[in-house]
Amino acid sequence: DGGITQSPKYLFRKEGQNVTLSCEQNLNHDAMYWYRQDPGQGLRLIYYSQIVNDFQKGDIAEGYSVSREKKESFPLTVTSAQKNPTAFYLCASSPSDRRDSPLHFGNGTRLTVT
Amino acid sequence: AQKVTQAQTEISVVEKEDVTLDCVYETRDTTYYLFWYKQPPSGELVFLIRRNSFDEQNEISGRYSWNFQKSTSSFNFTITASQVVDSAVYFCALSKGTDSWGKLQFGAGTQVVVTP
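Below: a short report on this structure. The structure presented is a predicted model; accordingly, all values stated were derived computationally and were not measured. (Residues numbered from 1 in each chain as written. Chains lettered and ligands numbered in written order. Predicted model: local features only at pLDDT ≥ 70, side-chain atom pairs only at ≥ 80, totals over all residues. Heavy atoms only, no water.)

**Considering the sheet that holds strand S7 (residues 64-66) of chain A**
Residues and elements named next belong to chain A.
Here is step 1: If you trace the four strands from one edge of the open sheet to the other, you get S1-S3-S8-S7, paired in antiparallel fashion. Because the sheet does not close on itself, it has two edges, and the strands there are strand S1 (4-7) and S7. For this sheet, the mean inter-axis angle between neighbouring strands, taken without regard to orientation, is 20°.
Here is step 2: Examined bridge by bridge, S1 and strand S3 (residues 19-25) share four bridges and lie antiparallel to one another. (Pairing = 2+ DSSP bridges. Helix = DSSP H or I, 4+ residues; strand = E, 2+ residues; numbered from the N terminus. Axes fitted to C-alpha atoms, helices over the stretch in contact; angles between N-to-C directions.)

**So, the interface of chain A and chain B**
Here is step 1: Each side of the interface is counted separately: chain A has 23 residues, and chain B has 25 residues.
Here is step 2: One can count zero salt bridges joining chain A with chain B.
Here is step 3: On the surface where chain A and chain B come into contact, there are three residue pairs in polar contact (both at pLDDT 80 or more).
Here is step 4: Looking at the side of chain A that touches chain B, the elements with two or more residues in it are strand S4 (31-37), strand S5 (43-51) and strand S9 (87-94) of chain A.
Here is step 5: The greatest single-element share of the side of chain A that touches chain B, amounting to four residues, is contributed by S5(A).
Here is step 6: In the side of chain A that touches chain B, the residues fall into 10 nonpolar, eight polar and five charged. (Contact = heavy atoms within 4.5 Å. Salt bridge = Lys/Arg side-chain N within 4 Å of Asp/Glu carboxyl O. Polar contact = N/O pair within 3.5 Å; in protein donor to acceptor, adjacent residues only side chain to side chain. Nonpolar A, V, L, I, M, F, W, Y, C, P; charged D, E, K, R; others polar.)

**Description of the environment of A:Pro75**
All names here are of chain A.
Here is step 1: Residue position: Pro75 is located in the loop between S7 and strand S8 (76-78).
Here is step 2: On the accessibility criterion, Pro75 (22% relative accessible area) is partly exposed.
Here is step 3: Along the backbone, Pro75 and Asp54 are 21 residues apart, and their C-alpha atoms lie at a distance of 13 Å.
Here is step 4: Those residues within four positions of Pro75 in sequence are excluded, and the remaining contacts are Thr20, Leu21, Trp34, Ser65, Val66 and Ser67. (Buried < 20%, exposed > 50% of the residue type's maximum accessible area, 1.4 Å probe, protein only.)

**Observations regarding the nonpolar core**
Generally speaking, a soluble globular protein has its nonpolar side chains buried in company with each other.
Residue and element names in this part refer to chain B.
Here is step 1: Counting 24 residues, the largest nonpolar core has Leu21, Trp36, Trp66, Phe77 and Tyr90 as the members making the most contacts within it.
Here is step 2: Elements with a minimum of two residues in this core: strand S2 (10-14), strand S3 (19-21), strand S5 (33-39), strand S6 (46-52), strand S8 (64-69), strand S9 (74-79), strand S10 (88-95) and strand S12 (110-115).
Here is step 3: Tallying contributions element by element places S10 first for this core, with four residues.
Here is step 4: Setting aside its immediate chain neighbours within four residues, Leu21 contacts Gln8, Ile11, Trp36, Asn76, Phe77, Tyr90, Thr110 and Val112. (Core = buried A, V, L, I, M, F, W, Y, C linked by side-chain atoms within 4.5 Å.)

**Notes on the packing of aromatic side chains**
Here is step 1: Taken as a whole and judged by the stated rule, the model has 19 aromatic pairs over all chains.
Here is step 2: For the pair A:Tyr33 and A:Tyr48, a centre-to-centre distance of 6.4 Å together with 25° between the ring planes defines the contact as stacked. One end of the pair, A:Tyr33, is in strand S4; the other, A:Tyr48, is in strand S5, with 15 residues separating them in the sequence.
Here is step 3: Under the relative-accessibility criterion, A:Tyr33 is labelled buried at 1%.
Here is step 4: With a centroid separation of 5.5 Å and an interplanar angle of 80°, the aromatic rings of A:Tyr35 and B:Phe106 are classed as edge-to-face. (Phe/Tyr/Trp six-rings, centres within 6.5 Å; stacked < 30°, edge-to-face > 60°.)

**Some words on the state of the cysteines**
Here is step 1: The tally for this structure, following the rule as stated, stands at two disulfides over all chains.
Here is step 2: A sulfur-sulfur distance of 1.9 Å marks the disulfide that ties A:Cys23 to A:Cys91. Taking the torsion about the sulfur-sulfur bond, which here is approximately -75°, the covalent link between A:Cys23 and A:Cys91 counts as left-handed. Pair noted here: A:Cys23 is in strand S3 and A:Cys91 is in strand S9, with a separation of 68 residues, a long-range link. Summarising the burial analysis for this pair, A:Cys23 and A:Cys91 share the class buried.
Here is step 3: One disulfide bridge connects B:Cys23 with B:Cys92, the sulfur atoms lying 2.0 Å from each other. Note on the B:Cys23 and B:Cys92 pair: the S-S dihedral is about -65°, so by sign convention the disulfide is left-handed. Separated by 69 residues along the polypeptide, B:Cys23 in the loop between S3 and strand S4 (24-26) and B:Cys92 in strand S10 bring together distant segments of the chain. Of the two residues, B:Cys23 and B:Cys92, neither departs from the other in class, the shared state being buried. (Disulfide = S-S within 2.5 Å.)

The following block contains the structure:
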């Protein structure tokens, strides 16, 4: 079955360390996204990519970095510059040529930084 | 600026009761899309419905129904005869921007708790 795989499900890091969250999709979608979810705040867009080797900042990109070397993969690095990294991170994808196409989400990674 | 407001933080009902989730949005775009997503305890967001700004027909899908009223900028969601499996967080979202269709403005979500 096609879908989006995020790993790991839970991630713990010490403050000051960079950490990379994995996102892989086999839906053959061109576009991929990273959203951050905090309690009571809904989801906020971090980065998005419409094609390989191209990506754009979302609303809260500071302290994060991404790469898109392959169509299937869109890893997110949470750097030490991110002041409040503890959150639930969701990766999503969609066919970029359909405006009304809904996003397909992964199961998320819960990151805890202490 | 675009904004989505879900004023209800949490709604608790007993099984078989109906529950209505409110969603009010703000946008200057003339063409836009509205979505509802369900987030069960597993964490994954599940797509429920989309509506474009030119289609104000109400829609029913099983026990779910949606009421889109452009005049009041609202896109409300009703679950009829609720079941325990409906317990989840529900998000209303609005499409924003024209360079990427996945850029959504989400509301804060409404937690629905259905007890037997």
